[in-house]
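# Survey of secondary and tertiary structure
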Amino acid sequence: MKNIEKHRNIGISAHIDSGKTTLTERILYFTKRIHAIHEVRGKDGVGATMDSMELERERGITIQSAATFANWTHTKSGEADSINIIDTPGHVDFTIEVERSLRVLDGAILVLTGVEGVQSQSITVDRQMKRYHVPRVVFVNKCDRSGANPLRVAVMLKEKLNHKPCVMQIPIGLEDQLKGVVDLIEMKAYYFEGANGDDMIEKDIPAELVDQANEYREKLVDCCADYSDEVMELAMEGKYGVDDIDKNLLKSTIRKATISLDITPVFMGSAHKNIGVQKLLDGVIDYLPCPTDVENKALDLDNNEAEVVLESADDKPLVCYAFKLVNDRYGQLTYVRVYQGTLRKGDMITN
């Protein structure tokens, strides 16, 4: 049996034109699933990898959910994890596609823009995530745009969506001066250099951002203190520094509180400018649940529909959920989430 704790089943959801498909394209590029970046409204006539329909490429929007997978090696731990990704539509007319997808996800990335922040469809998608108890991290995208203010967007999360935001980063520069992010766990600055931001360079925090970084580091620790007695004791003693608190303690506390839907980690950057995507992928691994962190239930039809808690075990009876049907040139394709047991090539299963 594969190590299931090294798997993440995530979706990427947002209001239309927030940059979901652009972000997915960057994720596929940085995880080496694709070797060239294509834009959603690209002039090369190719279009984004996840927009397979002709109409999607013509309009530059996602109409149907698309699923893919990727492998990511954590930039700090060096451990490899596999990520199953569903890119969902943002347009309100296709919201049923989001509903179908969220049903089978363990976690999600909610994409907001650094300018508009929480928009109408963001509220709808967030309501759907709450309905299915899907933990999420937020990626504040388009921080390179004129008028971007990702820290204001974090406040909007609390005011409009009733989240408890936990700001994980602050930007280095904004608008056309956006250069990178300051990681508040590591207390280091990260710049994304090279042709497509492939080279993530770690440096000391710029002098002009040290005070702001310390301020938001304290807010991060105070946020964690509500969910860990150990962190609370250190905070009460005024110990907020990197040398005072073990970063693994902070990470495990944030992970636990994220999975229980108590807090929402907030990352930021610009998918279009290839800034912050690698750190977001690290955050997906660090803070979103693996299949064993989530309790999934089924109804036993042979026992008066009694609830049964499913186990991610190969030797258990097969339980799977068909969440999407697609008719394409190869015939009918069924997307299935396997919750328990094993499904092999050539198997015949009956509903």
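What you are looking at is a predicted structure, and each value in this text was computed from that prediction instead of being measured. (Residues numbered from 1 in each chain as written. Predicted model: local features only at pLDDT ≥ 70, side-chain atom pairs only at ≥ 80, totals over all residues. Heavy atoms only, no water.)

## Quick notes on the overall build of the chain
- Scanning the chain from N- to C-terminus turns up 9 helices and 15 strands.
- In the chain, buried positions account for 51% of the 351 residues.
- Accessible surface computed for the chain: about 17200 Å², of which carbon and sulfur atoms make up 47%. (Helix = DSSP H or I, 4+ residues; strand = E, 2+ residues; numbered from the N terminus. Buried < 20%, exposed > 50% of the residue type's maximum accessible area, 1.4 Å probe, protein only. Areas by Shrake-Rupley, 256 points an atom, 1.4 Å probe, with all protein chains shown as cover.)

## Details of the nonpolar core
- Grouped together as the largest cluster of nonpolar side chains are 87 residues, with contacts concentrated most on Leu 23, Ile 109, Val 182, Leu 184, Leu 220 and Ile 254.
- Among the elements that line this core, the one with the most residues is helix α6 (residues 210-225), at 7 residues.
- Once you skip the residues sitting within four places of it in the chain, Val 182 turns out to touch Met 168, Gln 169, Ile 170, Ile 172, Lys 188, Ala 189, Ile 205, Leu 209 and Ala 213. (Core = buried A, V, L, I, M, F, W, Y, C linked by side-chain atoms within 4.5 Å. Contact = heavy atoms within 4.5 Å.)

## Re the sheet that holds strand β9 (residues 188-193)
- The strand order β7-β8-β9-β10 describes an open sheet built from 4 strands, whose pairing is antiparallel. Edge strands, defined here as strands with exactly one partner in the open sheet, are β7 (169-172) and β10 (199-203). Looking at each pair of strands side by side, their axes are set apart by 30 degrees on average, direction ignored.
- Here 5 bridges tie β9 to β10, and the two strands are oriented antiparallel to one another. Across the sheet, residue Phe 192 finds its bridge partner in β10, namely Met 200.
- Sheet strands touched by helix α9 (residues 277-287): β7, β8 (180-183), β9 and β10. Its angle to β9, the strand with the most contacts, is close to 125 degrees. (Pairing = 2+ DSSP bridges. Axes fitted to C-alpha atoms, helices over the stretch in contact; angles between N-to-C directions.)

## Some thoughts on the packing of aromatic side chains
- Scanning all chains against the criterion turns up 3 aromatic pairs.
- With 5.4 Å between their ring centres and 70 degrees between their planes, Tyr 29 and Phe 30 make a pair best called edge-to-face. In this pair, the class of Tyr 29 matches that of Phe 30, namely buried.
- Measuring from ring centre to ring centre gives 6.0 Å for Phe 323 and Tyr 335, while their planes differ by 50 degrees; the resulting arrangement is tilted. Of this pair, Phe 323 sits in strand β14 (residues 319-328) while Tyr 335 is found in strand β15 (residues 331-340), placing the two residues 12 residues apart along the sequence.
- Over the ring of Phe 69 we find Arg 33, and its NZ or CZ is 4.1 Å from the ring centre. (Phe/Tyr/Trp six-rings, centres within 6.5 Å; stacked < 30°, edge-to-face > 60°. Lys NZ or Arg CZ within 6 Å of the ring centre and 35° of its normal.)

## Things to note about the pairing of strand β11 (residues 264-268)
- In terms of residue burial, β11 counts as a mostly covered element, since 5 of its 5 residues are buried.
- Neither face of β11 is open: one carries Thr 264, Val 266 and Met 268, the other Pro 265 and Phe 267, and all of them are buried.
- Bridge count between strand β6 (residues 165-167) and β11: 3 bridges; the pairing is parallel. Bridge pairing in β11 links Val 167 to Val 266.

## Section: the packing of helix α8 (residues 247-259) against α9
- Where α8 meets α9, the closest approach of the two axes is 9 Å, and the angle between their N-to-C directions is 75 degrees. Considering their axes alone, α8 and α9 lie roughly perpendicular with respect to each other. Residues Lys 251, Ile 254, Arg 255, Thr 258 and Ile 259 of α8 touch α9, and the partners they reach there are Ile 285, Asp 286 and Tyr 287.
- Taken together, the residues of the contact of α8 with α9 break down into 4 nonpolar, 1 polar and 3 charged. (Parallel < 35°, antiparallel > 145°, perpendicular 65-115°, else oblique. Nonpolar A, V, L, I, M, F, W, Y, C, P; charged D, E, K, R; others polar.)

## Remarks on a negative patch on the surface
- A surface patch of like charges, here negative, comprises Asp 229, Glu 230, Glu 233 and Asp 246.
- Relative to the helices and strands, Glu 233 resides in helix α7 (residues 229-236). (Patch = residues over 30% accessible without salt bridge, like charges linked within 9 Å, V, L, I, M, F, W, Y side chains within 5 Å. Salt bridge = Lys/Arg side-chain N within 4 Å of Asp/Glu carboxyl O. Lys, Arg positive; Asp, Glu negative; His and termini not counted. Charge placed at Lys NZ, Arg CZ, Asp CG, Glu CD.)

## Details of the pattern of salt bridges
- Scanning all chains against the criterion turns up 17 salt bridges.
- Lys 188 is the salt-bridge partner of Asp 204, the closest N and O atoms lying 3.0 Å from each other. Here the residue Asp 204 occupies a position in the loop between β10 and α6, and Lys 188 occupies one in strand β9, the gap between them amounting to 16 residues.
- The class for Lys 188 is partly exposed, based on a relative accessible area of 25%.
- One salt bridge connects Glu 295 with Lys 297, and the closest N-O pair in it is separated by 3.6 Å.
- What makes Glu 295 exposed here is its relative accessible area of 54%.

## Description of the packing of α6 against α8
- Between α6 and α8, whose axes approach to 10 Å, the crossing angle comes to 60 degrees. With respect to each other, α6 and α8 are oriented oblique. As α6 packs across α8, the resulting crossing turns out to be left-handed. Touching Arg 217, Leu 220, Val 221 and Cys 224 of α6 are Leu 250, Thr 253 and Ile 254, all from α8. (Left-handed = near helix turned anticlockwise from the far one by under 90°.)

## Things to note about the environment of Ala 195
- Within the secondary structure, Ala 195 sits in the loop between β9 and β10.
- Take Ala 195: its relative accessible area is 80%, and that puts it in the exposed class.
- Through-space distance from the C-alpha of Ala 195 to that of Asn 274 is 9.4 Å; in sequence the pair is 79 residues apart.

## Notes on helix α5 (residues 150-161)
- Its 12 residues place the ends of α5 16 Å apart at the C-alpha level, agreeing with the 16 Å of an ideal helix rising 1.5 Å per residue.
- Residues of α5 that are buried: Pro 150, Leu 151, Val 153, Ala 154, Met 156, Leu 157 and Leu 161.
- Directly after α5, the chain includes Asn 162, whose backbone phi takes a positive value near 60 degrees. (Expected span 1.5 Å × (residues − 1).)

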